[in-house]
Amino acid sequence: MNYKVNDQGFYGDFGGAFIPEMLYHNLNELKENYLQIIESDEFQKEFKGLLKEYVGRPTPLYFAKRLSEKYNTNVFLKREDLNHTGAHKINNTIGQILLAKRMNKKRIIAETGAGQHGVATATVCALMNLECIIYMGEIDIKRQAPNVARMKMLGAEVRPATSGSKTLKDATNEAIRDWISNPETTYYLIGSVVGPHPYPDMVARFQSIISKEMKAQLIEKTGRDYPDKVIACVGGGSNAAGAFYHYMDNEKVELIAVEADGLGIETDKTAATTQVGTEGIIHGSKTLLMQNSEGQITEPHSISAGLDYPGVGPLHAHLFKSGRGTFIGATDKEALTAAYQITKLEGIIPALESSHALAALEKIEFSSTENIVINLSGRGDKDMETYIKEMDNE
Amino acid sequence: MSRIELTFKNKKNILNVYLTAGYPNFNDTVEIVKELAKNGVDMVEIGMPFSDPLADGPTIQNSSQTAIKNGINLELIFNQIEEIRNTVDIPILLMGYYNQVLQYGADLFFEKAKSVGVDGFIIPDLPLDIYQKEYLQKVESLGLDMIFLITPQTTNERIKLIDSKSSGFLYVVSSFAITGSKSDIQQSQIDYFKHINNIGLKNPKLIGFGISDKKTFDTACQHAEGAIIGSAFIKSLEGSKNIKQTVKEFITTVL
Ligand SMILES: Cc1ncc(COP(=O)(O)O)c(C=O)c1O
């Protein structure tokens, strides 16, 4: 089985570029150029330099001693929360901004859910002195206020998406509409492994640094360059794609993707796309998505804005359908419980998104000798309001 | 000869009007199309409301949301078209997004459309190569037309390719825009229209996006076989108390 994208932009049955003609030229331009640009020595040198000096990579692979004792196994945390701006998102925005610069684009647009990608985009735009416009759902603007303030301080304009569910899906629609209206000047900096080809592949490549570092760090810590399990949360799927990337062909590694069950998959308040979704088209990609029988995309729910998305990247749809990936879910409540637990055990306040990955420890089976890597995709500063509010319920 | 072909053969300055099915009220579709035809509109494009219409501006987004809330769906749109066909003979196109077609079942969708009297389709996010590989044969064998968009960024080579694989007409997107963007037609756009006319294409052309009134319609007609009005018409229906009257008044101001 092949888990990399093919020439037509597909992962098995999923992917492609289902976009109106208005975007054909831009995507084609990107498709024709991205590999050549990002594989060049000159690009790689600048990319790696910035990841090291500006982002603070490599991020530690931390052996979580007390967490491991609690579950009687070996848990390592890949500390993406320690990146500059607080999440894995910046690995991708550094890569794409360097690409945009080489394509002579002066205006950058992006969508954001939790605001982490928006902040990471606004950050690299400040760094490169480029105009930055961030689309964000009206509801997310309210629930992720600190990130909205950060984006503004960084010089970005935050435009509310007021259509539909007023969350990430709608922010993405608005960003695509902006791109259709400004195709020549503008670069669309997508924040996850979603959207039309070549975005899913490009974003996965930029995030693949996560598993590349893991391999070297695991050798040092365990004598083997692979763990038994890698666990990551999945919104669109970029941190999971990065954490899985160099292990996809190594069948000895179990790849565990954790989706947001919201209030539970038996309710209609969920974002567990692979569990309740069906095949279709969302944001230019053929993938699994939450929709009704008439093909209307339904409104997801998750306590975590970054997972509140009714689709999933085509790579993950392929990992799911082929059986290579194990897809499980964690509810709002389970994620919160996991967040409070790791805070007390390890002194790490995780992002709500990452808390879903941590919650997997309650749901999967493992032995005491196994090595488990959990990708801690981000830190919890942005979620303090929710954590404080929910603390009384614990 | 198909209805669309006949229309281009017999008429000049073709006015194609877009409406959202099930808007403003669930049952208005039939009456609106009848009135459009009665008032001299040459062709209609019935929008199949979609939750996430990527190429559409706020006017069509809002009308789509209202129509979905009104309970419209593909099956009901087919019923409405069947009823329209009892009295209306102008070409009817269905316009919508690929996901809806996929969920209905593409082959079934094309067959059903044919059986109720649809003449062609505009599915902006259906890629040309997928169409060619999976549906072209089916659509052609049913005698239906698949209309594709071209934009100011589409290269000559690609315009020729699109022209060769599509039928009915070419939908010439007038500028870099989503639907509902309104402004006068600029000289640069006119140069673009002239450029298209010099390529030598097999299909006739209709200009769309930003065509909103008599002035823009007349200008478009100087450079193509006609034009498409969408958002401006939908806007006129907003809050209308008398649909017949509203349609008549709107079309009178354009023609
Ligand atoms: C910390 C964190 N983790 C995970 C995600 C989910 O995105 P993805 O699935 O692309 O990694 C987000 C998105 O905002 C995030 O901020």
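Above this text is the structure in question.
About the criteria used
Residues numbered from 1 in each chain as written. Chains lettered and ligands numbered in written order. Predicted model: local features only at pLDDT ≥ 70, side-chain atom pairs only at ≥ 80, totals over all residues. Heavy atoms only, no water. Salt bridge = Lys/Arg side-chain N within 4 Å of Asp/Glu carboxyl O. Helix = DSSP H or I, 4+ residues; strand = E, 2+ residues; numbered from the N terminus. Axes fitted to C-alpha atoms, helices over the stretch in contact; angles between N-to-C directions. Parallel < 35°, antiparallel > 145°, perpendicular 65-115°, else oblique. Left-handed = near helix turned anticlockwise from the far one by under 90°. Contact = heavy atoms within 4.5 Å. Nonpolar A, V, L, I, M, F, W, Y, C, P; charged D, E, K, R; others polar. Pairing = 2+ DSSP bridges. Near = heavy atom within 4 Å. Polar contact = N/O pair within 3.5 Å; in protein donor to acceptor, adjacent residues only side chain to side chain. Areas by Shrake-Rupley, 256 points an atom, 1.4 Å probe, with all protein chains shown as cover. 1 Å grid on protein atoms, 1.4 Å probe; cavity = no way out; pocket = protein on both sides within 12 Å on 5 of 7 lines; lining within 4 Å. Sits in = over half its atoms within 2 Å of the grid points. Domains from an automatic or database assignment. Buried area = accessible area lost by both parts, 1.4 Å probe.

1. Remarks on the pattern of salt bridges
Link 1 in the chain: This model, assessed by the stated rule, comprises 43 salt bridges over all chains.
Link 2 in the chain: The salt bridge involving Glu69 of chain A is made with Lys65 of chain A; its shortest N-O contact spans 3.5 Å. Taken together, the positions of Glu69 of chain A and Lys65 of chain A, both in helix α3 (residues 65-71) and four residues apart, correspond to about one turn of that helix.
Link 3 in the chain: Here Asp218 of chain B makes a salt bridge to Lys214 of chain B, at a shortest N to O gap of 3.4 Å.

2. Some points on the packing of helix α5 (residues 116-128) of chain A against helix α7 (residues 145-153) of chain A
Packed helices, taken two at a time, are described by their axes: the angle between them and the distance between them.
Residues and elements named next belong to chain A.
Link 1 in the chain: Where α5 contacts α7, the axes come no closer than 9 Å and their chain directions differ by 15°. On the basis of the axis angle, α5 is roughly parallel to α7. α7 is crossed by α5, and the crossing has left-handed handedness. Packed against α5, whose contacting residues are Gln116, Gly118, Val119 and Ala122, the element α7 presents Asn147, Arg150 and Met151 at the interface.
Link 2 in the chain: Of the residues belonging to the contact of α5 with α7, the class tally is three nonpolar, three polar and one charged.

3. Details of the sheet that holds strand β5 (residues 145-147) of chain B
All names here are of chain B.
Link 1 in the chain: Taking strand neighbours across the sheet as the criterion, the nine strands line up as β5-β4-β3-β2-β1-β9-β8-β7-β6 in an open arrangement whose pairing is parallel. Each having just a single partner strand, β5 and β6 (149-150) make up the two edges of the open sheet.
Link 2 in the chain: In terms of strand pairing, strand β3 (residues 92-95) meets strand β4 (residues 120-122) through three bridges, oriented parallel. Along β4, the bridge assignment pairs Leu93 with Gly120.
Link 3 in the chain: Packing of helix α2 (residues 28-38) onto the sheet brings it into contact with β1 (14-20) and β2 (43-47), and relative to β1 it is tilted by some 170°.

4. Considering unusual backbone geometry
Residues and elements named next belong to chain A.
Link 1 in the chain: Between Arg57 and Pro58 the backbone carries a cis peptide bond, its omega angle lying at -5°.
Link 2 in the chain: Along the chain, Pro58 falls in the loop between α2 (41-55) and β3 (61-63).
Link 3 in the chain: Following His197, the chain continues to Pro198 via a peptide bond in cis, the omega torsion being 10°.
Link 4 in the chain: Topologically, Pro198 is positioned in the loop between β8 (186-188) and α9 (199-207).
Link 5 in the chain: The backbone of Asn104 sits at a positive phi, close to 60°, despite the residue not being glycine.
Link 6 in the chain: With respect to the secondary-structure elements, Asn104 resides in the loop between α4 (89-102) and β5 (107-112).

5. Some words on the site of the ligand
All names here are of chain A.
Link 1 in the chain: In the vicinity of the ligand, 19 residues are found, and the nearest of them are Ser192, Gly235, Gly237, Ser238 and Ser377.
Link 2 in the chain: The side chain of Ser238 places a nitrogen or oxygen atom 2.7 Å from an oxygen atom of the ligand.
Link 3 in the chain: At 2.6 Å, a side-chain N or O of Ser377 approaches a nitrogen atom of the ligand.
Link 4 in the chain: Against a free-state accessible area of 390 Å², the protein chains account for coverage of 98% of the ligand.
Link 5 in the chain: When each cavity is represented as a set of grid points, the ligand is found to reside in the largest cavity.
Link 6 in the chain: Of the residues assigned to the shell around the ligand, the class counts are six nonpolar, 11 polar and two charged.
Link 7 in the chain: Summarising the domain contributions, the shell around the ligand has at least three residues from each of domain 1 (11-50 + 89-203) and domain 2 (58-87 + 208-393).

6. Digging into the packing of α2 of chain B against helix α4 (residues 74-84) of chain B
Residues and elements named next belong to chain B.
Link 1 in the chain: Closest axis-to-axis distance for the α2/α4 pair is 9 Å, and the angle between their directions is 35°. Here α2 and α4 pass one another in a crossing that is right-handed. Taken together, the residues of α4 that come into contact with α2 (itself represented by Thr29, Val30 and Val33) are Gln80, Glu83 and Ile84.
Link 2 in the chain: Split into classes, the residues belonging to the contact of α2 with α4 amount to three nonpolar, two polar and one charged.

7. Focus: the interface of chain A and chain B
Many descriptions give the size of an interface as the accessible area lost when the pieces come together.
Link 1 in the chain: Contact residues are listed per partner, giving 33 residues for chain A and 34 residues for chain B.
Link 2 in the chain: A combined buried area of about 2800 Å² lies between chain A and chain B, and 54% of that area is made up of carbon and sulfur atoms.
Link 3 in the chain: Together, Glu21, Met22 and Arg177 of chain A form the three largest contributors to the area buried by chain A at its contact with chain B, with a combined 24%.
Link 4 in the chain: If you look at where chain A meets chain B, you find two salt bridges.

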